[in-house]
Amino acid sequence: MSLGRTPSVGVTGVSGFLVEVEAEIGSGLPSFTIIGLGDRAISQAPDRVRAACRHSGWSVSQKHVTVNLSPAGIAKSGTGFDVAIALAALAAADVMPAWTIDGIVHLGELGLDGTVRPVPGILPAVIEARRLGMREIVVPAANAAEARLVGGVRVRPATRLASLVAGYRAKARGDTVPDDPEPECASPAEEPVPDLRDVLGQEAARLALEIAAAGGHHVFFLGPPGAGKTMLAERLPGLLPRLSDAEALEVSAIRSIVDPPGRHRGLQLRPPFEAPHHGASPASIVGGGTGHIRPGAVTRAHRGVLFLDEAPEFAPAVLQSLRQPLESGRVVVHRARESVDFPAAFQLVMAANPCPCGMLVGKGADCICSVPRRRGYLARLSGPLLDRVDLQVPVSAPSRAVLAGTPGESTAAVRERVLAARERQAVRWSGMPWAANARVPGPVFRSVSWRLPPAALGALTTAYEHHKVTMRGFDRCLRVAWTLADLRGAARPDGDDVALALGMRHSLPTAA
């Protein structure tokens, strides 16, 4: 009996974990068994591996092969272990010395003809391999450009199983074989950023958008159809700072899992923007699925913006599922066999019509909704959810004078003020686990070091005493007030900042 082994990497959630692929050629009737809690795709790997080996010039069909994916107690999924399984089996069959593949991470799916095909999740797999000290990793040629986004590890592209085996046999002889060629893959140009200049009027909504970008706050726009709510939401990512290298790699790793295999988009430096349809299920929003748990929209929007248009049309279970990630910046999906922790630090932008028909404007003469329907529509947005939204702003249809007037400020002009405010926050919170005001815990702003004088808190304190705001709302108003101070370059908020923060939280109709 002989043994071959090589490391590979599995992916759970958006993180990788090391898997040792061991293959033994034993005595007994011809068989090919894989153990170690693999899913259906892994259980079908023997057929792919046998055919790929046969078309590459070697056969394991007449042997008793046992493959173990260790640690055996952790569930594994996907076709990314095919190459490692094939090489471990061929090493156990003495096609090449076992030492030539030991310590080299192998990832990739095998076609029946021996081609190495791309797989999803390459980035988190390579990140984990680097963290564990691995210095060489073999990936499908179509995944090589993506894998090279992670520095500190040698990436070798593979196109066919036969060329891989030939290279390891040459390595045993002391010869060198050049790496397989990889397809040319130019990084696509970034799409142009929608300009805030396109939004006519809407001074209050534009201010709310600027505050949201400057402090990382959540926003709710309420207004009739065609007033510009969607246009405003789509322009928020263009106001946000570019992602740092670490953040860009984190966001790109998420895209690596959810995008089609082999699709290389380069390092994503711009904050993502996700706008799911209002018919989306809870699993598609927070993550889930049968078998393999996949990230949802809140994770795809990590470090960016999640936009819920027609928010009251979303299922109540979907809306309530947002409460955990809005508070913690993470979401945990529990299943019977495993729990997966996904990052979900996004900015929420919600938009809604004032009623189901959308025509409850002014005196509401054109509205065809009954009074109970009007009351029930916005009531779908529960109090606990809206209590987590810092800025709640009405949006009205632009007047004829506005349509004929001059455009407002451009995205570039507003973004300069946003970046200046973010820089002030970065200096203030240097050494802390947060960088934007919206993420600062409430007790910090109420501590001795950052507490505002009673005169500045007058309006907010009165609102709290009259039960107009909750304790959470009190803290969120303070966060917005600090962002307003940062936008105007002040060291601390004053009474006007606090009053404006309170007013932008309570400017909607009572039904909202």
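Here the structure is a predicted model, which is why all the values come from computation and not from measurement. (Residues numbered from 1 in each chain as written. Predicted model: local features only at pLDDT ≥ 70, side-chain atom pairs only at ≥ 80, totals over all residues. Heavy atoms only, no water.)

(A) Inspection of the overall build of the protein at higher detail. Helix and strand counts for the protein come out as 22 helices and 16 strands. When the backbone C-alpha atoms are referred to their principal axes, the protein occupies close to 85 × 50 × 45 Å. Put simply, the protein has 512 residues, and 50% of those count as buried. Within the protein, contacts between residues separated by at least 24 positions form 73% of all contacts whose residues are at least 6 apart in sequence. Accessible surface computed for the protein: about 22,200 Å², of which carbon and sulfur atoms make up 55%. Mean positive and mean negative side-chain charge positions of the protein (56 and 48 charges, respectively) differ by 4 Å. (Helix = DSSP H or I, 4+ residues; strand = E, 2+ residues; numbered from the N terminus. Buried < 20%, exposed > 50% of the residue type's maximum accessible area, 1.4 Å probe, protein only. Contact = heavy atoms within 4.5 Å. Areas by Shrake-Rupley, 256 points an atom, 1.4 Å probe, with all protein chains shown as cover. Lys, Arg positive; Asp, Glu negative; His and termini not counted. Charge placed at Lys NZ, Arg CZ, Asp CG, Glu CD.)

(B) Representation of the packing of aromatic side chains in the model. Under the defined criterion, the tally for this structure stands at seven aromatic pairs. Pairing Trp429 with Phe445 gives two aromatic rings, centres 5.6 Å apart and planes at 75 degrees, and the pair type is edge-to-face. You can see Trp429 sitting in the loop between α18 (411–428) and α19 (442–445) and its partner Phe445 sitting in helix α19, a full 16 residues away along the chain. The class for Trp429 is buried, based on a relative accessible area of 2%. Ring centres of Phe445 and Trp482 lie 5.4 Å apart, and the angle between their planes is 20 degrees; this geometry places the pair in the stacked category. Taken together, the positions of Phe445 in helix α19 and Trp482 in helix α21 (residues 471–487) put the pair 37 residues apart, joining distant regions of the chain. (Phe/Tyr/Trp six-rings, centres within 6.5 Å; stacked < 30°, edge-to-face > 60°.)

(C) Here's a closer look at helix α6 (residues 161–173). The first and last C-alpha atoms of α6 sit 19 Å apart over 13 residues, in line with the 18 Å expected at 1.5 Å per residue. Of the residues making up α6, those classed as buried are Leu161, Leu164, Val165, Gly167, Tyr168 and Ala170. (Expected span 1.5 Å × (residues − 1).)

(D) Examining the pattern of salt bridges more closely. Under the counting rule described, the total for this entry stands at 29 salt bridges. A salt bridge links Arg476 to Asp390; the nearest nitrogen and oxygen atoms lie 2.8 Å apart. Residue Arg476 is found in helix α21, and its partner Asp390 is found in the loop between α16 (383–386) and β16 (391–394); the two are separated by 86 residues along the sequence. The burial state of Arg476 is the same as that of Asp390; both residues are buried. For the salt bridge of Arg417 with Glu409, the shortest nitrogen-to-oxygen distance reads 2.8 Å. A relative accessible area of 29% places Arg417 in the partly exposed class. What makes Glu409 partly exposed here is its relative accessible area of 37%. Connected via shared salt-bridge partners are Glu327, Asp387, Arg388, Asp390, Arg472, Arg476 and Arg505. (Salt bridge = Lys/Arg side-chain N within 4 Å of Asp/Glu carboxyl O.)

(E) Geometry of the side chain of Ser252. Checked against the element boundaries, Ser252 lands in helix α10 (residues 245–258). With a relative accessible area of 5%, Ser252 lands in the buried category. At 2.9 Å, the side chain of Ser252 forms a polar contact with the backbone nitrogen of Gln268. Ignoring sequence-local partners within four residues, the contact set of Ser252 consists of Leu123, Gly266, Leu267 and Gln268. (Polar contact = N/O pair within 3.5 Å; in protein donor to acceptor, adjacent residues only side chain to side chain.)

(F) How the structure looks around unusual backbone geometry. Of note, the amide linkage connecting Ser70 to Pro71 takes the cis form, showing an omega dihedral of 5 degrees. In this structure, Pro71 sits in the loop between β4 (64–70) and α3 (82–92). Even without a glycine there, the phi angle at Arg303 is positive, about 70 degrees. Along the chain, Arg303 turns up in the loop between α12 (297–300) and β12 (305–308).

(G) Geometry of the sheet that holds strand β10 (residues 219–222). Read across the open sheet, the five strands follow the order β11-β12-β15-β10-β16; overall the sheet is parallel. Both edges of this open sheet fall to β11 (273–274) and β16, since each of them pairs with a single strand only. Bridge analysis of β11 against β12 gives two bridges, and the strand direction is parallel. Its bridge partner lying in β12, Phe273 is registered against Val305. (Pairing = 2+ DSSP bridges.)

(H) Expanded view of the packing of helix α2 (residues 45–56) against α3. One way to put it is that α2 packs onto α3 with a least axis distance of 10 Å and a crossing angle of 60 degrees. As judged from the angle between their axes, α2 and α3 are oblique. The chirality of how α2 crosses α3 is right-handed. For the pair formed by α2 and α3, the contact residues are Ala45, Arg48, Val49 and Cys53 on the first element and Asp82, Ile85, Ala86 and Leu90 on the second. (Axes fitted to C-alpha atoms, helices over the stretch in contact; angles between N-to-C directions. Parallel < 35°, antiparallel > 145°, perpendicular 65-115°, else oblique. Left-handed = near helix turned anticlockwise from the far one by under 90°.)

(I) Quick look at the pairing of strand β9 (residues 154–158). A large share of β9 lies buried, amounting to four of its five residues. Of the pairings in the sheet, the one linking strand β8 (residues 136–140) to β9 comprises five bridges and is parallel in character. Note on β9: the bridge partner recorded for Pro140 is Ala158.

(J) Region of interest: the side chain of Ser410. Mapped onto the elements of the fold, Ser410 is located in the loop between α17 (400–404) and α18. Looking at Ser410, the relative accessible area reads 12%, which means it is buried. Residue contacts for Ser410: discarding those within four places in its chain leaves Asp195, Leu196 and Arg197.

(K) Examining the environment of Ala92 more closely. Structurally, the position occupied by Ala92 is in helix α3. For Ala92, a relative accessible area of 1% gives the class buried. As a C-alpha pair, Ala92 and Val65 span 27 residues in sequence and 8.8 Å in three-dimensional space. Setting aside residues no more than four positions away along its own chain, Ala92 makes contact with Ser2, Leu3, Gly4, Ala23, Glu24 and Ile25.

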